Amino acid sequence: MSTTLVIYNPICGDRKAKQLFDDHVIPLLQQNNKTIDKVLSTEHPGHAGSFVVEYLEAAEGPLTIVLGSGDGTLHEIIETLNNTPLKGLRASTPPTKISFALVPCGTANALYASLFPSSAQDDPAQYKLKSVQAFLGSPNTVPLTLAITTLSSAPHVRKPPQVAVSAVVASTALHASILHDSETLRASTPGIERFKVAAAQNITRWYHAYVKLFPTQSAGVVELFDPAAGRFVPHPQSAEDDDPIIDVGGPFAYFLSTVNVDRLESAFRISPRASEEPADGPALDVVVVRPFRDPSCLMDSEETRAAYASKVGAVMGAAYQDGAHTQLRYAADGSITTEGDGETVVEYYRCGGWEWEPDEIDERAHFLCADGDIHQIEKLGKATCTAAAPVDDKAGFAVFV
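Residues numbered from 1 in each chain as written. Predicted model: local features only at pLDDT ≥ 70, side-chain atom pairs only at ≥ 80, totals over all residues. Heavy atoms only, no water.

Draft legend 1. Broad picture of the overall build of the protein chain. Each helix and strand counted, the protein chain has 10 helices and 22 strands in total. Over its C-alpha trace the protein chain gives a radius of gyration of 21 Å, about what one expects of a compact globule, namely 21 Å for 401 residues. Taken over the C-alpha atoms alone, the protein chain extends approximately 65 × 50 × 40 Å along its principal axes. In the protein chain, which comprises 401 residues, the proportion classed as buried is 51%. Summarising the internal contacts of the protein chain: among those between residues at least 6 apart in sequence, 74% fall at separations of at least 24. Carbon and sulfur atoms form 51% of the exposed surface of the protein chain, whose accessible area is close to 18000 Å². Seen as two clouds, the 31 positive and the 50 negative side-chain charges of the protein chain have centres 4 Å apart. (Helix = DSSP H or I, 4+ residues; strand = E, 2+ residues; numbered from the N terminus. Rg over C-alpha atoms; globule rule 2.2 N^0.38 Å. Buried < 20%, exposed > 50% of the residue type's maximum accessible area, 1.4 Å probe, protein only. Contact = heavy atoms within 4.5 Å. Areas by Shrake-Rupley, 256 points an atom, 1.4 Å probe, with all protein chains shown as cover. Lys, Arg positive; Asp, Glu negative; His and termini not counted. Charge placed at Lys NZ, Arg CZ, Asp CG, Glu CD.)

In structure tokens, the structure reads:
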């Protein structure tokens, strides 16, 4: 028999989660005769994760969590369960399935916005109840693919690796720097605006690292989005029968991978093919911007970086135009266009995993973002990210849709 927990984060987003749950969510569950086993209003970081672990260790069967938060609290629960060996009743049993009815209460709500794209006609309160209504109306869920990132130390350091688990994004370069700096702006600049301020602070940076991309299990190769064809095609250097691994040299302005989502905000469709051309099996959609693809970028200097910043800004702006950044190309003079057959400004890959090995002296290239959590890659270390999906419908994590 499935049990139901209600968890909400009262200080996320606009701090109205408690009111939303008191006025709408809990009455809706009660009207539909759903028994709520426990209700938790989180009080500190890590509270939701430890609460779910303790509950699972004392209960049997599958679990449904009605979760009012942003992507961060979902990440906390998933990562805590991934990294915590269960005791009690669960100690010797196979992993159970945990299904979420999401209620978007955070700042960006990337997963919810991707599963339930909004429209101008949506009633704001009712829009936030779509996953709960799905839970009440049918058993339909979508399984979550996870991005498992292993942060390894230098080869000579004998130390267990650290593991970060994402259900939305794993990134380095500009996105990781933005998330790192946005935390210091949370009090002074609430809401999505703080990310734009942090972006302006970091947009002239380039990041030096060595990258490998690994093939998906389904395709056997690394795929690259071809704007002319309008779809992913095998990367010309990724051969299934020979060597399917792709080496990608820096410097990088942007390096971000997603699972389960096509956007990081309601309108910011950074990986649009995730919904338009869904992957067959576990995969990462990886969005890369490398300045030296620009024919007018001939050297790394402060002047060149400052000039290139406007092009990074153009990419980010186009992502707000229904994912139009994937259509951008360089003209012969380095200007950005949607015409011709010049190099694409954005390299949009689909792969099974990636490896990021930052240059030892580039401090900012050592930041890794996993669903908003910032991790530090050790000097001479590296981060290796792999897409993983549940082996069957009786395990893993899923969302009611």
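Still more to cover.
Draft legend 2. Broad picture of the sheet that holds strand β13 (residues 254-258). If you walk across this open sheet you meet the 8 strands as β11-β10-β17-β14-β13-β8-β19-β20, and the pairing is antiparallel. The open sheet has two edge strands with one neighbour each: β11 (231-234) and β20 (373-376). On average, each strand axis in the sheet is tilted by 25 degrees relative to the strand beside it, whichever way the strands run. The sheet contact formed by strand β8 (residues 169-172) and strand β19 (residues 367-370) spans 2 bridges and is antiparallel. When the bridges of β19 are listed, Ser-171 appears paired with Cys-369. (Pairing = 2+ DSSP bridges. Axes fitted to C-alpha atoms, helices over the stretch in contact; angles between N-to-C directions.)

Draft legend 3. Structural view of the packing of aromatic side chains. Evaluated as defined, the whole model comprises 15 aromatic pairs. Ring geometry for Phe-252 against Phe-255: centres 5.9 Å apart, planes inclined by 85 degrees, an arrangement best described as edge-to-face. Considering the side-chain rings of Phe-255 and Trp-354, the 5.2 Å spacing of their centres and the 85 degrees angle between planes classify their relative orientation as edge-to-face. Linking Phe-255 in strand β13 with Trp-354 in strand β18 (residues 353-358), this pair joins segments that are 99 residues apart in sequence. (Phe/Tyr/Trp six-rings, centres within 6.5 Å; stacked < 30°, edge-to-face > 60°.)

Draft legend 4. Molecular detail of the sheet that holds strand β5 (residues 141-143). Overall, mixed pairing links the 6 strands, which are arranged β2-β1-β3-β4-β22-β5 in an open sheet. Only two strands of the sheet have a single neighbouring strand rather than two, namely β2 (38-41) and β5. Sheet twist, expressed as the average angle between the axes of neighbouring strands with direction ignored, equals 25 degrees. As paired elements, strand β3 (residues 63-69) and strand β4 (residues 97-104) share 7 bridges and run parallel to each other. Bridge pairing links Ser-69 to Pro-104 in β4. Against the sheet, helix α3 (residues 71-83) makes contact with β1 (3-8), β3, β4 and β22 (396-400), and its axis sits at roughly 140 degrees relative to β3, the strand it touches most.

Draft legend 5. Up close: the side chain of Glu-79. As for its placement among the helices and strands, Glu-79 is situated in helix α3. The buried category is assigned to Glu-79, whose relative accessible area is 13%.

Draft legend 6. Structural view of the pairing of β3. Of all 7 residues in β3, 7 are buried; the element is thus mostly enclosed. Alternating residues of β3 divide into Leu-63, Ile-65, Leu-67 and Ser-69 and Thr-64, Val-66 and Gly-68, and every residue in both groups is buried. Here β1 runs beside β3; their pairing, made up of 6 bridges, is parallel. Opposite Tyr-8, over in β3, you have Gly-68 as the bridge partner.

Draft legend 7. A look at the packing of helix α2 (residues 47-58) against α3. At a closest axis distance of 8 Å, the pairing of α2 and α3 adopts a crossing angle of 45 degrees. By the angle between their directions, the pair α2 and α3 is classed as oblique. As for how α2 packs across α3, the hand of that crossing is right-handed. Between α2, through His-47, Ala-48, Gly-49, Ser-50, Val-52, Val-53 and Leu-56, and α3, the contact on the second element is made entirely by Thr-73, Glu-76, Ile-77, Thr-80 and Leu-81. Per-class residue counts for the contact of α2 with α3 are 6 nonpolar, 5 polar and 1 charged. (Parallel < 35°, antiparallel > 145°, perpendicular 65-115°, else oblique. Left-handed = near helix turned anticlockwise from the far one by under 90°. Nonpolar A, V, L, I, M, F, W, Y, C, P; charged D, E, K, R; others polar.)

Draft legend 8. How the structure looks around α3. Its 13 residues give α3 an end-to-end C-alpha distance of 18 Å, which sits within 8% of 18 Å, the value for a rise of 1.5 Å per residue. All of the buried residues along α3 are Asp-71, Thr-73, Leu-74, His-75, Glu-76, Ile-77, Ile-78, Glu-79 and Leu-81. (Expected span 1.5 Å × (residues − 1).)

Draft legend 9. Examining unusual backbone geometry more closely. Put simply, Gly-250 and Pro-251 share a cis peptide bond, and its omega is 0 degrees. Here Pro-251 is to be found in the loop between β12 (246-249) and β13. Look at Arg-15: it is not a glycine, yet its phi comes out positive at around 65 degrees. Judged by its relative accessible area of 59%, Arg-15 falls in the exposed class. For Asn-109, which is not a glycine, the phi torsion comes out positive at approximately 55 degrees. Mapped onto the elements, Asn-109 comes out in the loop between β4 and α4 (110-115). The exposure class of Asn-109 is buried, given its relative accessible area of 13%.

Draft legend 10. Geometry of the environment of Gly-372. By the secondary structure assignment, Gly-372 is in the loop between β19 and β20. For Gly-372, a relative accessible area of 28% corresponds to the partly exposed category. Each C-alpha atom, one on Gly-372 and one on Arg-305, is 26 Å from the other, the two residues being 67 residues apart in sequence.

Draft legend 11. Inspection of the pattern of salt bridges at higher detail. Taken as a whole, this structure holds 19 salt bridges when the rule is applied. Here Lys-311 makes a salt bridge to Asp-294, at a shortest N to O gap of 2.6 Å. Highlighted residues: Lys-311 in helix α10 (residues 302-319) and Asp-294 in the loop between β14 (284-289) and α10, separated in sequence by 17 residues. Since its relative accessible area comes to 15%, Lys-311 is described here as buried. A relative accessible area of 1% places Asp-294 in the buried class. Among the ionic contacts, a cluster of salt bridges with common partners joins Asp-262, Arg-263, Arg-269, Arg-273, Glu-276, Glu-277 and Asp-322. (Salt bridge = Lys/Arg side-chain N within 4 Å of Asp/Glu carboxyl O.)

Keep in mind that these numbers describe shape and distance, not what the molecule does.
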